[in-house]
Amino acid sequence: MAFRSVRRIGDPVLRQVAQRIPPEKIGSEEFRALVDDMVDAMHEEGGIGIAAPQVGESVRLCIVELTVDNDRYDDDQSFELTVMVNPQVSVLDEEEQAFWEGCLSVPELRGLVHRPRKVRVDYLDESGTPCTIQGEDFFATVLQHELDHLDGVLFVDKIRDTRMMATVEEFEKHWIRDDGDQNPVV
Ligand code: NI
């Protein structure tokens, strides 16, 4: 049971630029408690990623956990539970792609968002070790979506054509992909 509830769009904490976490704080009791609460909240709400501002803490920390059982993706494009502290994104391929996105902080809504198709993220893991991951296709979108939260940006800000917004119910009725797959909530 999470002790911190998920903040929803309209809560000012979601619009703040989050603070870097001093490396000496990584691994502290307070840090570990925050990570645990974020994981609990993400699992409770069925998300594949969560950022600290979404549980009311304006610090640069996010978590992704994404395993897609889909032939479209290679196994090496799945993320085990990954904790990213002070992450920095670099675009590796500026070619754009569009995916329908959702967000735990924007309930009941989906929107088509264009983003670069390949990125690298440099971050510190939960023990303070420098790490790098690369993401392509939907995984690149998930990473960029989570990192946007640390700068006060929500996916709705990036919907270019507001006609490409839908409630979850209407999305499933009218916009689901031909293969029956749908994008999970990030
Ligand atoms: Ni989100």
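Here goes a summary of the coordinates provided. (Residues numbered from 1 in each chain as written. Predicted model: local features only at pLDDT ≥ 70, side-chain atom pairs only at ≥ 80, totals over all residues. Heavy atoms only, no water.)

1. What to know about the pairing of strand β4 (residues 106–124)
Judged from the 13 bridges that link them, strand β3 (residues 79–103) and β4 form a sheet pairing that is antiparallel. The residue of β4 that forms the bridge with Cys 103 is Val 106. Here β3 hands over to β4 after two residues, the two strands then running antiparallel side by side. Both β4 and strand β6 (residues 165–167) contribute to a ladder of three bridges, which runs antiparallel. Across the sheet, residue Leu 109 finds its bridge partner in β6, namely Thr 167. Turn length for the β4-strand β5 (residues 130–136) hairpin, with the two strands adjacent in sequence and antiparallel, is five residues, and the turn residue Gly 128 shows positive phi of about 90 degrees. (Pairing = 2+ DSSP bridges. Helix = DSSP H or I, 4+ residues; strand = E, 2+ residues; numbered from the N terminus.)

2. What to know about the coordination of the nickel ion
Coordination of the nickel ion by the protein comes from Cys 103 (SG), His 145 (NE2) and His 149 (NE2), over a distance range of 2.1 to 2.3 Å. Read in sequence order, the donor residues coordinating the nickel ion give the pattern C-x41-H-x3-H. Taken as a pair, Cys 103 in strand β3 and His 149 in helix α2 (residues 137–149) lie far apart in primary sequence, 46 residues in all. You'll find Cys 103 and His 149 in the same group, each marked buried. (Donors = N, O, S within 2.8 Å, 3.2 Å for Na, K, Ca; no water. Buried < 20%, exposed > 50% of the residue type's maximum accessible area, 1.4 Å probe, protein only.)

3. So, the packing of aromatic side chains
Overall, the coordinates contain three aromatic pairs when judged by the stated rule. Their ring planes at 70 degrees and their centres at 5.1 Å tell us that Phe 99 and Phe 138 sit as a pair that is edge-to-face. With Phe 99 in strand β3 and Phe 138 in helix α2, the pair connects residues that are 39 residues apart, well separated along the chain. Phe 138 shares its class with Phe 99; the two are buried. Here the aromatic residues Trp 100, Phe 171 and Trp 175 are joined through ring pairs into a cluster of three or more. (Phe/Tyr/Trp six-rings, centres within 6.5 Å; stacked < 30°, edge-to-face > 60°.)

4. Here's the deal with helix α1 (residues 29–45)
Over its 17 residues, α1 runs 24 Å from end to end, which matches the ideal 24 Å to within 8%, given 1.5 Å per residue. Looking only at α1, the buried set comprises Phe 31, Leu 34, Val 35, Asp 37, Met 38, Val 39, Ala 41 and Met 42. On its buried face, α1 sits against β1 (49–51), β2 (61–66) and β3. Among the residues trailing α1, Gly 46 stands out with phi positive, at a value near 70 degrees. (Expected span 1.5 Å × (residues − 1). Contact = heavy atoms within 4.5 Å.)

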